[in-house]
Amino acid sequence: MSGGPGRSGEYRITGNRRKWAALAVLTLAAAGLLSPWASDRPDGLERVAEDLGFVGREAAVPAFSPMPDYEVAGIPWEAARTGLAGLIGAVVLGVVLWSMLRALVKKER
Amino acid sequence: MHIPDGYLCTEVWTATSVAGAAAAACALRRTRTELSRPQVPAAALTGAFIFAAQMLNFPIDGGTSGHFLGSALAAILFGPWTAAAIMTAVLILQSVLFHDGGITALGANILCTAVIGSFAGYGVYKAALRLMKGRLRAVASFAAAWVSIVAAACGVALLLALSGAAAPGAVLGAMFGWHALIGIGEGLITTAAALCLTERGTMRARSDGSFRDGARVRGGAPA
């Protein structure tokens, strides 16, 4: 699997920090700036549910999510509601994954 | 492609919740050995990128949209178990914070996108590389991504059919058809990201897995 001995010709993730920094910038831009302008047409599954007539089965089990539909409540501008929700989600996920994986993957030796 | 609450019948969502929890636990356990410590920041960042990219629905033909899934990308970069763990974290966050994907359907969503998506993507990627003797990685990545999202969609279709939401043939055909189209976008994004974020294995030791294989000289070439 990945992370085997360093045979040349074997591909692995890049050690180029600039590329990862670029991915971080791209992530924040996508979550914070681009997300409000994403298409709001139904996605593949929603479309199939409409076409085959089972969209009505959807039942919201107690809606306790703090930011339903990727919107932070209480902000007058819709793009900011979505963009802020995206930023919060991306940052929370990054932090949670980092700490979870760090705890999981032990230091060598 | 997040199944909301209500689409699945009680038997199906109960069974998939149990199976999904077991799969998630197994993925976490296997991630311990599959992922190496220096890869942790990159894996966390990839998870955040996948979440952000999933928000960007792109319009496709016929008044429908698609969005990036990411299972294949994570599997190509870090291996299938780590990918399953990352995707599970994405799904839990989306369901709990954003009400995207039902809580009762979380297990089903984990099975389809995190497990099926990651392993289908990884299997196709490895098989294609072997078939083409390591050449044409772009083709291998594209194929892995396309198969990954289509396989996940077929898994969802199967669960919907089992739940009596729609006739098996109709729902399978419709899910396959739309996601075969969405899979082109999935393939393009995955290929671009995978080619950009990987390199040949003779580079610096900092971000490679060969630390554990004895060659732990700082800055030295891996054995």
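A quick note: this is a predicted structure, and the numbers were derived from the prediction, not measured.

Definitions and limits used
Residues numbered from 1 in each chain as written. Chains lettered and ligands numbered in written order. Predicted model: local features only at pLDDT ≥ 70, side-chain atom pairs only at ≥ 80, totals over all residues. Helix = DSSP H or I, 4+ residues; strand = E, 2+ residues; numbered from the N terminus. Buried ≥ 20, exposed ≤ 12 C-beta atoms within 10 Å, placed from the backbone. Contact = placed C-beta atoms within 7 Å. Axes fitted to C-alpha atoms, helices over the stretch in contact; angles between N-to-C directions. Parallel < 35°, antiparallel > 145°, perpendicular 65-115°, else oblique. Left-handed = near helix turned anticlockwise from the far one by under 90°. Nonpolar A, V, L, I, M, F, W, Y, C, P; charged D, E, K, R; others polar. Expected span 1.5 Å × (residues − 1). pLDDT = per-residue confidence, 0-100.

1. A word on the overall build of chain B
Next up, step 1: Counting its regular elements, chain B contains seven helices and three strands.
Next up, step 2: Counting from the amino terminus, helix and strand elements in chain B follow one another as α-α-β-β-α-α-α-α-α-β.
Next up, step 3: Dimensions along the principal axes, computed over C-alpha positions, put chain B at roughly 60 × 35 × 30 Å.
Next up, step 4: A total of 223 residues make up chain B; the buried ones form 61% of that total.
Next up, step 5: Excluding contacts between residues fewer than 6 apart, the proportion of contacts in chain B whose partners are at least 24 apart in sequence is 70%.

2. With respect to the overall build of chain A
Next up, step 1: Of regular secondary structure, chain A possesses three helices and one strand.
Next up, step 2: A burial count over chain A gives 28% of its 109 residues as buried.
Next up, step 3: For chain A, contacts bridging at least 24 residues in sequence account for 53% of all contacts bridging at least 6.

3. Examining the packing of helix 1 (residues 10-34) of chain B against helix 4 (residues 80-98) of chain B
Residues and elements named next belong to chain B.
Next up, step 1: Orientation of helix 1 relative to helix 4, taken along the N-to-C sense of each, is 130°, at an axis distance of 8 Å. As the angle between them shows, helix 1 and helix 4 are arranged oblique. Viewed along their axes, helix 1 and helix 4 form a crossing whose handedness is left-handed. Contact residues: Ala23, Ala24, Ala27, Leu28, Arg30, Thr31 and Glu34 in helix 1; Trp81, Thr82, Ala84, Ala85 and Thr88 in helix 4.
Next up, step 2: Partitioned by chemical class, the residues of the contact of helix 1 with helix 4 number seven nonpolar, three polar and two charged.

4. Some remarks on the packing of helix 3 (residues 71-78) of chain B against helix 6 (residues 137-162) of chain B
All names here are of chain B.
Next up, step 1: It is at 8 Å that the axes of helix 3 and helix 6 come closest, and there the two elements cross at 130°. Taken together, the axes of helix 3 and helix 6 are oblique relative to one another. Judged by the sense of rotation from one axis to the other, the crossing of helix 3 with helix 6 is right-handed. Here Ser71, Ala72 and Ile76 of helix 3 come into contact with helix 6, specifically with Ser141, Ala144, Ala145, Ser148 and Ala152.
Next up, step 2: Broken down by class, the residue content of the contact of helix 3 with helix 6 amounts to five nonpolar, three polar and no charged.

5. Regarding helix 4 of chain B
Residues and elements named next belong to chain B.
Next up, step 1: For helix 4, spanning 19 residues, the distance from its first C-alpha to its last is 26 Å, which sits close to the expected 27 Å at 1.5 Å a residue.
Next up, step 2: Where burial is concerned, most of helix 4 is hidden: 16 out of the 19 residues are buried.
Next up, step 3: Two residues or fewer past helix 4, His99 is found with a positive phi of approximately 55°.

6. Some remarks on the interface of chain A and chain B
Next up, step 1: Taken together, the contact between chain A and chain B spans 66 residues of the former and 82 residues of the latter.
Next up, step 2: Sorting the residues of the side of chain A that touches chain B by element identifies strand 1 (11-13), helix 1 (17-34), helix 2 (44-51) and helix 3 (78-104) of chain A as the ones contributing at least two each.
Next up, step 3: It is helix 3 of chain A that contributes the most residues to the side of chain A that touches chain B, 14 residues altogether.
Next up, step 4: Looking at the side of chain A that touches chain B, its residues break down into 36 nonpolar, 16 polar and 14 charged.

7. Here we look at unusual backbone geometry
Next up, step 1: Positive phi, close to 55°, is recorded for Asp69 of chain A, a residue that is not glycine.
Next up, step 2: With respect to the helices and strands, the residue Asp69 of chain A is situated in the loop between helix 2 and helix 3.
Next up, step 3: Even without being a glycine, His99 of chain B presents a positive backbone phi close to 55°.

8. Points about the confidence of the model for chain B
Residues and elements named next belong to chain B.
Next up, step 1: The predicted model of chain B has a mean per-residue pLDDT of 91, with 90% of residues at 70 or higher.
Next up, step 2: Summarising per-element confidence for chain B, the mean pLDDT is lowest in strand 3 (residues 198-200) (89) and highest in helix 3 (98).
Next up, step 3: With pLDDT under 50 throughout, residues 203-223 is counted as low confidence; its partners more than four residues away or in other chains account for 51 contacts.

9. A closer look at the environment of Ala22 of chain B
Residues and elements named next belong to chain B.
Next up, step 1: Looking at where Ala22 falls in the secondary structure, it is placed in helix 1.
Next up, step 2: Taking the number of C-beta atoms within 10 Å as the measure of exposure, Ala22 has 13 and is therefore partly exposed.
Next up, step 3: Sequence separation of Ala22 and Gly107 is 85 residues, and the distance between their C-alpha atoms is 9.3 Å.

10. Remarks on helix 6 of chain B
All names here are of chain B.
Next up, step 1: The end-to-end C-alpha distance of helix 6, which contains 26 residues, comes to 37 Å, matching closely the 38 Å that a straight helix rising 1.5 Å per residue would cover.
Next up, step 2: Among the 26 residues of helix 6, 19 are classified as buried, and the element is accordingly described as predominantly covered.
Next up, step 3: Directly beyond the C-terminal end of helix 6, a positive phi value near 75° is found at Gly164.

11. Regarding the environment of Met1 of chain B
Next up, step 1: Structurally, the position occupied by Met1 of chain B is in the segment before helix 1.
Next up, step 2: Here Met1 of chain B falls in the buried class, since 25 other C-beta atoms lie within 10 Å of it.
Next up, step 3: Sequence separation between Met1 of chain B and Phe68 of chain B is 67 residues; the distance between their C-alpha atoms is 9.6 Å.
Next up, step 4: Dropping the residues within four chain positions of it, Met1 of chain B is found in contact with Asp43, Gly44 and Leu45 of chain A together with Leu69, Thr113, Ala152, Ala153 and Val156 of chain B.

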